[in-house]
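# Results of the structural survey
In case you want the letters, here they are:
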Amino acid sequence: MIPPWVSALAWRTSFKLVGWWPTALSGLAIALGLAFAADSPELLPRVVEVIVPLAFGAQAAFVLAPDSEPPLELLLASPRPVPWALWERLLVLAGLQGSVALVASVVTLSMAPDYGLAQVIARWLAPSAFLGGVAILAAQVTRQGVFGALLATLLWASMLFGGDALLSRWPSLWPLHLFLQPGATAPALYAANRASLLAAGLGMVALAPRLLADEERALDISRAAERR
Amino acid sequence: MADTSRPLAVTGLFLWLWRHSGKQDQPSADPLLPFAWLRPPTGIGSAETVDHRESENPFWHLPLHGTRFGTFLMRLCLLAFYLLALLFILG
């Protein structure tokens, strides 16, 4: 017997809207990256770490951005709360990108057995959660998915190339470094860095549906009234 | 009138960090300064120096420390986090 709340979920529609090709694209990029880095074991775990957070962040910005969602009024008028749609699409996206990342982690371990599975997963999970949170929150605040994707991309690039420089100038900013390497610091500090990124990312993800649940905000009624 | 104190405070903090991130831009007599992190400590008292630097900043050994390019990248990070903070405040 299927519980009634399960039939209220729209997984198939969510899967259709999230799409499979961005996931296939990130899978292809990871495969190419692993092939190129096959001769250098120190680079292998960085392939998944670099590609998955960017793919997840860029895609998360567009799961449900108010201005890019033509039937938003219909969604708001339906008995199903609109944040459900956001949660469903996010979970589908996390499932798709997470599956690719998990498979890639196992492949990485088979190519470089010196690393632990937990470490390889921690490398991509924390920055993915953080960038996903940034992207989806920015998309809800600005109502445009493109701003969320831009901010996530800017954070990704700046932290990938400049995170080490930032820490060498201000060491107390260690909770913010998305791509801190396990060998660069003490294991406890590394674990705390991963935990802080994960907590901040999940916090932002939890905040975004609350913004969407505000109907006046979702329809931009207050700003439209101000403009008049 | 909108409350401007928080955006102004965040902007002030951002500008302060921006200004102080360039402190290491001063030209040095040591042409190898950008690659100083590669050099192993040598000489009497070097171990003490390393311990001292390590205790002050556990990340002093990371690449790009003290280089102009490192400062540029650092400022890029600051800009990204500044935009994120503004988003939180104004949103």
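Shown above is the structure to which this text applies.
## Quick look at the overall build of chain B
Looking only at helices and strands, one finds 3 helices and 0 strands in chain B. The linear arrangement of helices and strands in chain B, starting from the amino end, is α-α-α. By residue count, 16% of the 91 residues in chain B fall in the buried class.

## Here we look at the packing of helix H4 (residues 44–60) of chain A against helix H7 (residues 117–142) of chain A
All names here are of chain A. For the pair H4 and H7, the least separation of the axes is 8 Å and the interaxial angle reads 20°. It follows that H4 is roughly parallel to H7 by the angle criterion. Note that H4 runs across H7; the crossing there is right-handed. Contacts between H4 and H7 involve Pro45, Val48, Glu49, Val52, Pro53, Phe56, Gly57, Ala58 and Ala60 on the former and, on the latter, Val120, Arg123, Trp124, Pro127, Ser128, Leu131, Gly132, Val134, Ala135 and Ile136. Residues that form the contact of H4 with H7 fall into these classes: 14 nonpolar, 3 polar and 2 charged.

## Re the interface of chain A and chain B
The interface is formed by 21 residues belonging to chain A together with 20 residues belonging to chain B. Of all the secondary-structure elements, those providing two or more residues to the side of chain A that touches chain B are H7 and helix H8 (145–169) of chain A. Of the residues forming the side of chain A that touches chain B, the biggest block, 14 residues, is contributed by H8(A). When the residues that make up the side of chain A that touches chain B are grouped by side-chain class, the tally is 14 nonpolar, 5 polar and 2 charged.

## Remarks on the packing of H4(A) against H8(A)
Each packed pair of helices is defined by two parameters, the angle between the axes and the distance between the axes. Residues and elements named next belong to chain A. Between H4 and H8, the least distance of the axes is 8 Å, while the angle of their chain directions is 160°. Classified by the angle between their axes, H4 and H8 sit roughly antiparallel to one another. H4 and H8 meet at a crossing whose hand is right-handed. Each of Val50, Pro53, Leu54, Gly57 and Ala58 in H4 lies in contact with H8, whose residues at this interface are Ala149, Ala152, Thr153, Trp156 and Leu160. In the contact of H4 with H8, the residues fall into 8 nonpolar, 2 polar and no charged.

## Focus: the environment of Arg143(A)
Position of Arg143(A) relative to the elements: it lies in the loop between H7 and H8. Between the C-alpha atoms of Arg143(A) and Ser99(A), which are 44 residues apart in sequence, the distance is 29 Å.

## Structural notes on the nonpolar core
Of all hydrophobic cores here, the largest spans 69 residues; its most connected members are Val48(A), Ala61(A), Val63(A), Val134(A), Ala135(A), Ile136(A) and Ala152(A). Taken together, the elements giving at least two residues each to this core come down to H4, helix H5 (72–77), helix H6 (82–111), H7, H8 and helix H9 (187–213) of chain A together with helix H3 (68–90) of chain B. Examining the composition of this core, we find that 15 residues originate from one element, H7(A), more than from any other. Each residue touching Ala152(A), except ones within four places of it in the same chain, is listed here: Gly57(A), Ala58(A), Ala61(A), Leu131(A), Val134(A) and Ala135(A).

Cut-offs used in this document
Residues numbered from 1 in each chain as written. Chains lettered and ligands numbered in written order. Predicted model: local features only at pLDDT ≥ 70, side-chain atom pairs only at ≥ 80, totals over all residues. Helix = DSSP H or I, 4+ residues; strand = E, 2+ residues; numbered from the N terminus. Buried ≥ 20, exposed ≤ 12 C-beta atoms within 10 Å, placed from the backbone. Axes fitted to C-alpha atoms, helices over the stretch in contact; angles between N-to-C directions. Parallel < 35°, antiparallel > 145°, perpendicular 65-115°, else oblique. Left-handed = near helix turned anticlockwise from the far one by under 90°. Contact = placed C-beta atoms within 7 Å. Nonpolar A, V, L, I, M, F, W, Y, C, P; charged D, E, K, R; others polar. Core = buried A, V, L, I, M, F, W, Y, C linked by C-beta atoms within 7 Å.

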